[in-house]
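Observations on the three-dimensional arrangement
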Amino acid sequence: HIAAQRAVEVKRARVLLADDHRIVAEGLKRLLEPEFDLVGVVEDGRALLSAARELRPDVIVSDITMPELNGVEALEEMKRHDPGVRVVFLTMHHNVAYARQAMEAGALGYVLKHSAADELLLAVRAAAAGKTFVTPAIAGELLQAMRSGDAADEDPVRKLTLRQREILRLLVEGHSAKSIAARLDISPRTVEFHKYSMMETLGISSNAELIRFALESGVNEI
């Protein structure tokens, strides 16, 4: 009996949680802990990258909207170093564009926060087994969007690199090139280079237009 119990314990998936709302994170911990080993809780995208490298969880449960790097950008970065990383996104965004971006980045799950009590455990179990789970609320619409293939090609944000989106978000928050350079550990000249590259890519000719584009496209909110 003890040996059987230990065998069950060994099979518990190790889960890393990323959410910048502490009250939400506490609720998710209570939901996950009876079935999974919660190996850590982080509050922003950069901390998620570090924790994922250090803790090597079986499944990551992450919000999309987070400080530093958003969840999708963090996933894109993690995939470069660990193509097998398994991420379930838990988000308030009832938006197929967000879901599509998440799934195309390599997520295995997409669950809406208001459905977490019913769906999160299902999604984590699926991800631990290498399978995909998308909340039924948007699954049909998402499948249709991914089949059509048009929306992604029209989205100018997708033309920007991970680093460019990061710099653009900090510009919107009011940071100077010098401040951004210090924060990202790059030179101010590199920040300016990325800024002008973005303008060229987007067909924009001024800082004000660049900021307006960021606000209208939601780059700073993703």
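Everything below is about the structure shown above.
Let me begin by describing the structure that accompanies this report. (Residues numbered from 1 in each chain as written. Predicted model: local features only at pLDDT ≥ 70, side-chain atom pairs only at ≥ 80, totals over all residues. Heavy atoms only, no water.)

1. Section: the overall build of the protein
- Regarding its fold elements, the protein presents 12 helices and 6 strands.
- A compact globule built from 222 residues would reach a C-alpha radius of gyration of about 17 Å, and the protein, at 19 Å, matches this within 12%.
- With the C-alpha coordinates of the protein rotated into their principal frame, the extents come out at 70 × 40 × 30 Å.
- Burial analysis of the protein (222 residues in total) assigns 46% to the buried set.
- Residue pairs at least 24 apart in sequence account for 61% of intrachain contacts in the protein once pairs closer than 6 positions are excluded.
- When the accessible area of the protein is evaluated, it comes to approximately 11600 Å², of which 52% is carbon and sulfur surface.
- For the protein, the separation between the mean place of its 28 positive charges and that of its 33 negative charges on side chains is 5 Å. (Helix = DSSP H or I, 4+ residues; strand = E, 2+ residues; numbered from the N terminus. Rg over C-alpha atoms; globule rule 2.2 N^0.38 Å. Buried < 20%, exposed > 50% of the residue type's maximum accessible area, 1.4 Å probe, protein only. Contact = heavy atoms within 4.5 Å. Areas by Shrake-Rupley, 256 points an atom, 1.4 Å probe, with all protein chains shown as cover. Lys, Arg positive; Asp, Glu negative; His and termini not counted. Charge placed at Lys NZ, Arg CZ, Asp CG, Glu CD.)

2. Overview of the packing of helix H4 (residues 71-81) against helix H5 (residues 96-105)
- Contact geometry of H4 with H5 gives a least axis separation of 9 Å together with a crossing angle of 10 degrees. Our classification of the angle between H4 and H5 gives roughly parallel. Every residue of H5 that contacts H4 at Val 72, Leu 75, Glu 76 and Lys 79 is listed here: Gln 101, Ala 102 and Ala 105.
- A per-class count over the contact of H4 with H5 returns 4 nonpolar, 1 polar and 2 charged. (Axes fitted to C-alpha atoms, helices over the stretch in contact; angles between N-to-C directions. Parallel < 35°, antiparallel > 145°, perpendicular 65-115°, else oblique. Nonpolar A, V, L, I, M, F, W, Y, C, P; charged D, E, K, R; others polar.)

3. Observations concerning helix H2 (residues 22-32)
- Ala 25, Leu 28 and Leu 32 are the residues of H2 that are buried. Summarising the axial view, the buried residues of H2 lie within an arc of 65 degrees, below the 170-degree limit, and thus occupy one face. Turned more than 90 degrees from where H2 packs its buried face, Ile 23 and Arg 30 sit exposed. (Arc of directions from axis to C-beta.)

4. Focus: the pattern of salt bridges
- Scanning the entire structure with this criterion turns up 14 salt bridges.
- In this structure, the salt-bridge partner of Lys 113 is Asp 19, at a minimum N-O distance of 3.0 Å. Placement of Lys 113 in the loop between strand E5 (109-112) and helix H6 (116-128) and of Asp 19 in the loop between strand E1 (14-18) and H2 is noted, with a sequence separation of 94 residues between them.
- Note that Glu 192 and Lys 195 form a salt bridge whose closest N and O atoms lie 3.3 Å from each other. (Salt bridge = Lys/Arg side-chain N within 4 Å of Asp/Glu carboxyl O.)

5. Looking at the packing of aromatic side chains
- The final tally for this structure, using the stated rule, is 0 aromatic pairs.
- Sitting over the face of the ring of Tyr 196, Lys 195 holds its NZ or CZ atom 5.9 Å from the ring centroid. (Phe/Tyr/Trp six-rings, centres within 6.5 Å; stacked < 30°, edge-to-face > 60°. Lys NZ or Arg CZ within 6 Å of the ring centre and 35° of its normal.)

6. Thoughts on unusual backbone geometry
- For Arg 56, which is not a glycine, the phi torsion comes out positive at approximately 50 degrees.
- Counting through the fold element by element, Arg 56 comes out in the loop between helix H3 (45-55) and strand E3 (59-62).
- Phi at Asp 185 is positive, roughly 60 degrees, even though this residue is not glycine.
- In this structure, Asp 185 sits in the loop between helix H10 (177-184) and helix H11 (188-202).

7. As for the environment of Leu 215
- As for its position among the elements, Leu 215 is in helix H12 (residues 207-217).
- For Leu 215, a relative accessible area of 47% puts it in the partly exposed group.
- Through-space distance from the C-alpha of Leu 215 to that of Val 172 is 7.6 Å; in sequence the pair is 43 residues apart.

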